[in-house]
Amino acid sequence: MQDLRYALRQMRGNPWFTTVTVLVLALTLGANAAVFSVVNAVLLRPLPFPDADRVVQIWETNLSRGQAEQVVSPYNFLDWQRQSSTLSDMAVYEWESPALITHGAPARLDACFVSGPFFRVYQAQPLLGRTFRADEDRSGERVVVLSYSAWRHYFSGDPKILGRPITLDREPYTVIGVMPDWFRFPAYGTDLWATPAFELKSESRGSHHLYGVGRIKRGATLSQAQAEMTTIAHRLERQYPDSNQGYGVKLVRLQDEMTGNFRRGLLLLWGAVALVLLIGCANVAHLLLARGVTRQKEFAIRSAVGANRPRLIRQLLTESAILAIAGGLLGLALSLAGVRLLTAGAGRIMPRNEAIHVDARVVIFTAIASLVTAVLFGLAPAFRASRVDLATAVKQSGWESATGGSWRLRSVLVISELALSVMLLIGAGLLMKTVWQLRRVDPGFQAANVLGMRISVAWSQYPEERQRAVLYQQIIDRVRALPGVEDAAATNDLPFSGSRTSSNFDIEGVTFPPRESPLADYRTVSSGYFNVMRIPLLKGRVFSEADNRRPTPLVAIINETLAHRYWPHSNPVGQHIVVHDRRCEIVGVVGNVLHQELTTAGPAEIYVPQYQGGTPDWSFFAVRSRTSLVSLVPAVRNAFREAAPQSPLYDVRTMEARLANSIAPQQFSAFALTAFALFALPLATIGIYGVVAFAVERRTQEMGIRMAVGAQPGDVLRLIVRQGLALGIVGVVIGVAGALAVTRVLASMLYGAKATDPATYLAISGLFLLIAALASYVPARRASRVDPMTALRWE
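This is a predicted model, so every value here is computed, not measured.

About the thresholds
- Residues numbered from 1 in each chain as written.
- Predicted model: local features only at pLDDT ≥ 70, side-chain atom pairs only at ≥ 80, totals over all residues.
- Heavy atoms only, no water.
- Helix = DSSP H or I, 4+ residues; strand = E, 2+ residues; numbered from the N terminus.
- Contact = heavy atoms within 4.5 Å.
- Areas by Shrake-Rupley, 256 points an atom, 1.4 Å probe, with all protein chains shown as cover.
- Lys, Arg positive; Asp, Glu negative; His and termini not counted.
- Charge placed at Lys NZ, Arg CZ, Asp CG, Glu CD.
- Expected span 1.5 Å × (residues − 1).
- Buried < 20%, exposed > 50% of the residue type's maximum accessible area, 1.4 Å probe, protein only.
- Polar contact = N/O pair within 3.5 Å; in protein donor to acceptor, adjacent residues only side chain to side chain.
- Phe/Tyr/Trp six-rings, centres within 6.5 Å; stacked < 30°, edge-to-face > 60°.
- Lys NZ or Arg CZ within 6 Å of the ring centre and 35° of its normal.
- Core = buried A, V, L, I, M, F, W, Y, C linked by side-chain atoms within 4.5 Å.
- Axes fitted to C-alpha atoms, helices over the stretch in contact; angles between N-to-C directions.
- Parallel < 35°, antiparallel > 145°, perpendicular 65-115°, else oblique.
- Left-handed = near helix turned anticlockwise from the far one by under 90°.
- Nonpolar A, V, L, I, M, F, W, Y, C, P; charged D, E, K, R; others polar.
- Salt bridge = Lys/Arg side-chain N within 4 Å of Asp/Glu carboxyl O.
- Pairing = 2+ DSSP bridges.
- Patch = residues over 30% accessible without salt bridge, like charges linked within 9 Å, V, L, I, M, F, W, Y side chains within 5 Å.
- Arc of directions from axis to C-beta.

Peer 1: I tried to follow the overall build of the protein chain on my own but got confused; where do I start?
Peer 2: Helix and strand counts for the protein chain stand at 25 helices and 24 strands. Here the C-alpha coordinates of the protein chain stretch approximately 105 × 60 × 55 Å along the principal axes. Across the protein chain, contacts joining residues at least 24 apart in sequence account for 82% of those joining residues at least 6 apart. In the structure as shown, the protein chain presents an accessible area of about 34600 Å², 57% of it carried by carbon and sulfur atoms. Charged side chains of the protein chain number 81 positive and 61 negative; the gap between the two group centres comes to 11 Å.

Peer 1: For this particular structure, what's the right way to read helix H19 (residues 629-643)?
Peer 2: A turn of α-helix holds 3.6 residues, and therefore any two residues three or four places apart point the same way. For H19, which comprises 15 residues, the first-to-last C-alpha distance of 21 Å matches the rise-based estimate of 21 Å (1.5 Å per residue) to within 8%. For H19, the full list of buried residues reads Leu629, Leu632, Val633, Val636, Ala639, Phe640 and Ala643. Where the residues of H19 are buried, they touch strand S14 (450-456), helix H15 (465-480), strand S15 (485-491), strand S23 (618-625) and strand S24 (649-654). By the N-cap criterion, in which a side-chain oxygen at the helix start approaches the backbone nitrogen of a residue two or three places on, H19 is capped by Ser628, the distance to Val630 being 3.3 Å.

Peer 1: Looking at this structure, I do not really get the packing of aromatic side chains. What am I missing?
Peer 2: Ring pairs (aromatic) are described by centroid distance and by the angle formed between their planes. Across all of its chains, the model carries 32 aromatic pairs by this definition. Pairing Tyr93 with Tyr211 gives two aromatic rings, centres 5.5 Å apart and planes at 15 degrees, and the pair type is stacked. Taken together, the positions of Tyr93 in strand S3 (residues 87-96) and Tyr211 in strand S12 (residues 211-216) put the pair 118 residues apart, joining distant regions of the chain. Tyr211 gets classed as partly exposed once you look at its relative accessible area, which sits at 28%. Pairing Tyr148 with Trp151 gives two aromatic rings, centres 5.8 Å apart and planes at 65 degrees, and the pair type is edge-to-face. Placement of both Tyr148 and Trp151 in helix H5 (residues 148-155) is noted, with a separation of three residues, approximately one turn of the helix. Given the relative accessible area of 27%, Tyr148 is considered partly exposed. Of the residues examined, Trp151 reaches a relative accessible area of 8% and is grouped as buried. Positioned above the aromatic ring of Tyr240, the side-chain terminus of Arg205 is 3.7 Å from the ring centre. For the cation-ring pair, Arg454 lies above Trp618, with the distance from its terminal atom to the ring centre recorded as 4.8 Å.

Peer 1: Which parts of the structure should I look at to understand the nonpolar core?
Peer 2: As a rule of thumb, nonpolar side chains are buried together in soluble globular proteins. Counting residues in each nonpolar core, the largest one holds 81 residues, and the members touching the most others are Leu266, Leu323, Phe377, Leu424, Ile426, Leu431 and Phe768. Sorting elements by how many residues they give to this core places helix H8 (residues 254-294) first, with 16 residues. Contact partners of Leu323, with chain neighbours within four places excluded, come to Met11, Phe17, Thr18, Thr21, Val22, Leu25, Leu288 and Phe377. If you look at the next biggest cluster of nonpolar residues, it comprises 29 residues, including Leu494, Val525, Val593 and Met655.

Peer 1: Explanation requested: the packing of helix H23 (residues 713-742) against helix H24 (residues 758-784) in the structure shown.
Peer 2: When two helices pack together, their arrangement is given by the angle between the helix axes and by the axis-to-axis distance. At a minimum axis distance of 8 Å, the contact between H23 and H24 shows a crossing angle of 155 degrees. Between H23 and H24, the interaxial angle falls into the category roughly antiparallel. The chirality of how H23 crosses H24 is right-handed. Grouping the constituent residues of the contact of H23 with H24 by class yields 19 nonpolar, five polar and one charged.

Peer 1: What is the right way to look at the environment of Asp169 in this model?
Peer 2: Mapped onto the secondary structure, Asp169 falls in the loop between strand S9 (165-168) and strand S10 (171-178). Along the sequence, Asp169 and Gln646 sit 477 residues apart, while their C-alpha atoms lie 8.1 Å from each other. If sequence neighbours within four positions are ignored, Asp169 has contacts with Pro98, Ala99, Val457, Ala458 and Ser460.

Peer 1: Would you mind showing me how to read the side chain of Ser84 here?
Peer 2: As for its placement among the helices and strands, Ser84 is situated in the loop between helix H3 (74-83) and S3. Using a relative accessible area of 13% as the deciding quantity, one classes Ser84 as buried. Of note is the side chain of Ser84, whose polar atom sits 3.0 Å from the side chain of Glu228.

Peer 1: So what exactly am I meant to see when it comes to the pattern of salt bridges here?
Peer 2: Should the charged atoms of two oppositely charged side chains come close, the side chains can pair. Counted under the stated rule, the structure contains 25 salt bridges. For Arg184, the salt bridge is made with Asp181, and the minimal N-O distance between the two is 3.0 Å. The exposure class of Arg184 is partly exposed, given its relative accessible area of 23%. In this structure, Asp757 engages Lys433 in a salt bridge whose closest nitrogen and oxygen atoms are separated by 3.1 Å. On the criterion of sequence distance, the pair formed by Asp757 in the loop between H23 and H24 and Lys433 in helix H14 (residues 405-440) is long-range, its members being 324 residues apart.

Peer 1: Sorry if this is basic, but what is going on with unusual backbone geometry here?
Peer 2: The phi angle of most residues is negative, glycine excepted, and most peptide bonds adopt the trans form. Each neighbour pair has its own omega, and for Phe185 with Pro186 the value is 10 degrees, a cis peptide bond. Residue Pro196 follows Thr195 across a cis peptide bond; omega there is 0 degrees. Here Phe496, not a glycine, exhibits a phi torsion of approximately 60 degrees, which is positive. Tracing the chain through its elements places Phe496 in the loop between S15 and strand S16 (502-507). In this structure Phe496 comes out as buried when scored by relative accessible area, which is 7%. Look at Asp581: it is not a glycine, yet its phi comes out positive at around 60 degrees. In this structure, Asp581 sits in the loop between strand S20 (576-579) and strand S21 (582-590).

Peer 1: Would you explain the pairing of strand S22 (residues 605-609) in this entry?
Peer 2: Strand residues, when the strand is regular, have side chains that alternate between the two faces of the sheet. The buried count for S22 comes to five of five residues, which makes it a mostly enclosed element. Both faces of S22 are covered, namely the face carrying Glu605, Tyr607 and Pro609 and the face carrying Ile606 and Val608. Note: strand S17 (residues 519-525) against S22, five bridges, orientation parallel. By the bridge assignment for S22, Tyr522 is matched with Ile606.

Peer 1: Teacher, can you tell me more about a nonpolar patch on the surface here?
Peer 2: A cluster of nonpolar side chains, contributed by Leu278, Ile364, Ile368, Val372 and Leu376, occupies part of the molecular surface with about 440 Å² of accessible area. It is helix H11 (residues 360-386) that provides the largest number of residues to the nonpolar patch, a total of four residues. Positionally, Ile364 belongs in helix H11. Relative accessible area serves as the criterion here: at 52%, Ile364 is assigned to the exposed category.

Peer 1: Please clarify how helix H1 (residues 2-13) should be interpreted in this entry.
Peer 2: Its twelve residues place the ends of H1 16 Å apart at the C-alpha level, agreeing with the 16 Å of an ideal helix rising 1.5 Å per residue. Buried within H1 we find Asp3, Tyr6, Ala7, Gln10 and Met11. Looking straight down H1, one finds that the buried residues subtend no more than 140 degrees of arc, so they occupy a single side. Exposed and oriented more than 90 degrees from the buried face of H1 are Gln2, Arg12 and Gly13.

Peer 1: In this structure, what is going on with the packing of H15 against H19? I would like to understand it.
Peer 2: Between H15 and H19, the least distance of the axes is 9 Å, while the angle of their chain directions is 145 degrees. Crossing of H15 against H19: the hand is right-handed. Contact residues: H15 offers Leu471, Ile475, Arg478 and Val479, while H19 offers Ala639, Phe640, Glu642 and Ala643. Among the residues forming the contact of H15 with H19, the class breakdown is six nonpolar, no polar and two charged.

Peer 1: Looking at this structure, how should I read the side chain of Gln667?
Peer 2: With respect to the secondary-structure elements, Gln667 resides in helix H21 (residues 664-698). In contact with Gln667, not counting residues within four places along its chain, are Val435 and Arg439.

Printed below as a string of structure tokens:
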């Protein structure tokens, strides 16, 4: 208690020192707490259901076709169910966007159509009612389980909802249950789960469109389950060579599947804020060392009257602990704002975004970090300050003390700060260069002034492809007539929408090995699609209005990749391909379009007129505008509502927003790391300025003597700047060496930049050397103006 009272008096007597120290600690500890909140929710905290580590995502693979994670065939899924002994439950699901038909306007929902064991895989119990029986998806009944948010939003939390009929896309369903608020699987925002996931009468074994999940039995491991599923896949490959050639199975823990894109970025970010914390600790250690020099005589006298060295160390560590606790409490408050900034910056792309908050784990982490920090920044100054000798301390001048061990320790600290800051800023620079390069990638179309959207229509209302094709054309005609609209078009797969359709095809006159016909992305588009998207025509022609209003002759357009692959030295226009059992004449070649990622080359593509190529019960639309897209949205919605009043419009976003969303993980990591690096930069600047300024102040008498015996102001200026630059050079060299080692982990996150990019290293090194020179120049200039007589009388 005596130590505590004395420490509080010391802080109250030095308000500026206390304020600056607590603020530095609060900012660094707050940043760590905010990032830990994200890491805790996304990576560390298990998913909120029993034995979550046993739940796996199930993918099919076909490595010969470059498919590392392929959606599942329903027939293969049924065979897995019958033959697997390591998976206790297995289910499949498919995403749909049905319209909920109520007395008001139709509402588009995010629905998951599932097989019966779906909820058993998660071992999730409903809030109200029941979930699906294991065989309920095959009974022919149409039943639905609502999410908590959908129950509250669309049905006002009606406790009598069980047994109530609802209509989804003109089909009647019966509500049998409501899930608790925490259950948001397989994705955040799911509104309901319904059966069935598929109907075998409309399926073939070669059809892959389902997502799979399973639960590993107790006593079995992931590797055992993987080995068994691989054996089953090989068995099915031999049994069904026409449809299963080359197909395997891949199991991925569900939590790893959900966090895959963000795991490395978050761990990198956590490492970055840990470095910022170390830099902050070094800064506070500077302050304590400087303060310790001014208190040397106090410690010498206390030692002389009976205080031993452990007693002095305990006193100083008590002061450090109080500073750290105060910084931790303030940092915890600041972390609330930090969490909001991080989640807002990541948006809905961050997995488990809804679970990110400051909880008990974060508080405990911050408390531990505060105590560790107190030891980190307090121990060395405490040992240094407590090593005193009464006679020496009384007789020693300030400049002598400054040139002793304190100066060396402070130099080591500032070199450490500079090295860590260099490493941080180089990493941030490489990631920022990656984002810059990604923004320069040509996606194959012009995204500016293009609005993308999607519509789903009820199968029961538009059961025939011709009906749907006519509806989509009516929508296009209405939208084209709007003021400010340049053109409009429809497609089954819009770039960067998350939708992708592929198909096998054959080339007339070319023989491929059995069951190895080539694969290409399959696009059905209306006649104006290439104009709307500004996809360049390289050879031949684009589709005409006639192609999209008549069933024959069948025509197709291919992209540059497919043309170079199969007609490297000839013109493919006029050749014929067979896709979906339809013989089509190639009438044009267009440029490649990136559809999924800006970092991956575009695949082979085949375009067919929407009327000829099959019209699904959903379609994307693209609208090119001459005016503001924001002002156009209400008019476009009205046009859709007039043409299809029972089919709500959704996923309305600009193409520029879709492109930006595709690089959101890289952008989030780059901007967050840059923010922390820029926060570390002034800390390092303050550190080197503080070391040089303190040394200059304590060496005032030395400077006076030098000038009294003939040294010019320029000599003093160069002497001090050289000393500051020496610290900067050593710090930069160590930082660059550390960056060369550490940035290897960044290699897989970089695009258009190497982990050893010389321009980035030179620019950051030059920046820090300039900072070191400027930080040294200010105190050096002050020292060069010292009056020798004043300096000689300084003490």
